[in-house]
Amino acid sequence: MEHHSELLYQSFSLWYLLFTSHSHGCRVSVMGDKSKLSETLQNLSTEIEEKSRANSGTHIIFAINYSGKHDILKACKNLATQVKDGVILPNQINETIFAQQLYTNYIDFPCPDLVIRTSGEIRISNFMLWQMAYSKLYFTKKYFPDFGENDLIEALRAFQRTQ
């Protein structure tokens, strides 16, 4: 696990240098249970998010220690606490209120229209379970590093055919 933490730290450090500069204008967010990360990674991810929050360029979202099941369970617990504390009534809970409790609550378009699954796996692997309810799914046998521009174009054409 130490090796994975070091690789993650190095990746975050690189993203920090590249995308928090105003010349790139990218916004960086991290979704997932950050409490399981080392204190160093938690601090670095928070700093990256804070320093890039006002940027209006591409929004890059890292899913780190993310689980769709955990995301839904966390949302349920948050709402149960709000009901218990009298902040909200049970009959006020709807899809919008529920979605505000998910890790994707800060994303302009939290529900993807198209999800591309690489590696030949034909499953969604506990990823964005709530958010993918109406997404089109595209499966390819290529692994991510080999998935190129032509593959993306083919995925988009397949998506267009389903519209």
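The coordinates are above.
Starting from 1, residues in each chain are numbered consecutively following that chain's sequence as written. The predicted origin of the model limits local features to residues at a pLDDT of at least 70 and limits the giving and counting of side-chain atom pairs to 80 or more, whereas totals for whole chains, interfaces and linings rest on all residues. Working from all heavy atoms in the structure, the side-chain values ignore hydrogens and water.

1. Structural notes on the overall build of the protein
Here comes step 1: Per the convention used, a helix needs a DSSP run of H or I reaching at least four residues, while a strand needs a run of E reaching at least two, with both numbered from the N terminus. Assigned secondary structure in the protein consists of five helices and four strands.
Here comes step 2: Counting helices and strands in the order they occur from the N terminus, the protein gives α-β-α-β-α-α-β-β-α.
Here comes step 3: A simple rule labels every residue: compare its accessible area, found with a 1.4 Å probe on the protein chains alone, to the largest value its type can have, and call it buried under 20%, exposed over 50%, or partly exposed in between. Counting all 163 residues of the protein, 31% fall into the buried class.
Here comes step 4: Contacts: residue pairs with any heavy atoms within 4.5 Å of one another. Contacts spanning at least 24 positions in sequence make up 64% of the contacts within the protein whose residues lie at least 6 apart.
Here comes step 5: Each accessible area value is a Shrake-Rupley result obtained with a 1.4 Å probe; residue values ignore everything except the protein chains displayed when judging cover. Approximately 11000 Å² of the protein is accessible, and the part contributed by carbon and sulfur atoms is 55%.

2. Here's the deal with the packing of aromatic side chains
Here comes step 1: The rule is short: rings of Phe, Tyr and Trp, with Trp giving its six-membered ring, pair when the centres are within 6.5 Å, and they are stacked under 30 degrees, edge-to-face over 60, tilted in between. The final tally for this structure, using the stated rule, is three aromatic pairs.
Here comes step 2: Aromatic side chains Y66 and Y103 sit 6.0 Å apart centroid to centroid with 65 degrees between the ring planes, which places their arrangement in the edge-to-face category. Residue Y66 is located in the loop between strand 2 (59-63) and helix 3 (68-84), and its partner Y103 is located in the loop between helix 4 (95-99) and strand 3 (114-117); the two are separated by 37 residues in the primary sequence. Pair check on accessibility: Y66 and Y103 agree, each one buried.
Here comes step 3: Since its relative accessible area comes to 13%, Y66 is described here as buried.
Here comes step 4: An aromatic cluster is defined as three or more aromatic residues linked by ring pairs; in this entry it consists of Y66, Y103 and F127.
Here comes step 5: Distance and angle both matter: a charge sits over a ring if NZ of Lys or CZ of Arg is within 6 Å of the ring centre and within 35 degrees of the ring normal. When the ring centre of Y103 is taken as origin, the NZ or CZ atom of K74, which lies over that ring, is 4.5 Å away.

3. A look at helix 5 (residues 149-161)
Here comes step 1: By definition here, a helix of n residues has an expected span of 1.5 Å times n minus one. With 13 residues, helix 5 ought to run about 18 Å at 1.5 Å a step, and its terminal C-alpha atoms sit 18 Å apart, in line with that.
Here comes step 2: D151, A155, A158 and F159 are the residues of helix 5 that are buried. Take helix 5 and look down its axis: the buried residues cluster within an arc of 100 degrees, on one side only. Among the exposed residues of helix 5, those pointing more than 90 degrees away from its buried face are E149, N150, Q160 and R161.
Here comes step 3: Those residues of helix 5 that are buried are in contact with strand 3 and strand 4 (136-139). What the arc measures is the spread of directions leading from the helix axis to the C-beta atoms.

4. Side note on the pairing of strand 2
Here comes step 1: Burial along strand 2 is one-sided: I60 and F62 are buried, while H59, I61 and A63, pointing the other way, are not.
Here comes step 2: The sheet contact formed by strand 1 (residues 27-31) and strand 2 spans five bridges and is parallel. Counterpart to S29 in the pairing with strand 2 is I61.
Here comes step 3: Note that the unit made of strand 1, helix 2 (residues 39-52) and strand 2 has a crossover that is left-handed. Pairing between strands is defined by DSSP: at least two bridges between them are needed. By convention, orient the strands away from the viewer: a clockwise path from the first strand over the helix to the second makes the crossover right-handed.

5. Brief notes about a nonpolar patch on the surface
Here comes step 1: What makes a patch is a set of residues exposed beyond 30% relative accessible area and free of salt bridges, joined within 9 Å when like-charged and within 5 Å when nonpolar (Val, Leu, Ile, Met, Phe, Trp, Tyr). A side-chain nitrogen of Lys or Arg and a carboxyl oxygen of Asp or Glu constitute a salt bridge if their distance falls within 4 Å. On the surface, I122, I124, L137 and F139 cluster together to form a nonpolar patch covering roughly 360 Å² of accessible area.
Here comes step 2: Along the polypeptide, F139 turns up in strand 4.

6. Describing helix 3
Here comes step 1: Spanning 17 residues, helix 3 covers 24 Å between terminal C-alpha atoms, matching the ideal 24 Å at 1.5 Å per step.
Here comes step 2: Among the residues of helix 3, G68, D71, K74, A75 and L79 are the ones counted as buried. When helix 3 is viewed along its axis, its buried side chains cluster within an angular range of 130 degrees and face the same direction. Across from the buried face of helix 3, at angles greater than 90 degrees, the exposed residues are K69, K77 and K84.
Here comes step 3: At its buried positions, helix 3 is contacted by helix 4.
Here comes step 4: Pairs of N or O atoms are called polar contacts if they sit within 3.5 Å, as long as, within protein, a hydrogen donor faces a hydrogen acceptor (for residues adjacent in sequence, only side-chain-to-side-chain pairs). Residue S67 occupies the N-cap position of helix 3, its side-chain oxygen lying 3.4 Å from the main-chain nitrogen of K69.
Here comes step 5: Just past helix 3, the residue G86 takes up positive phi, approximately 80 degrees.

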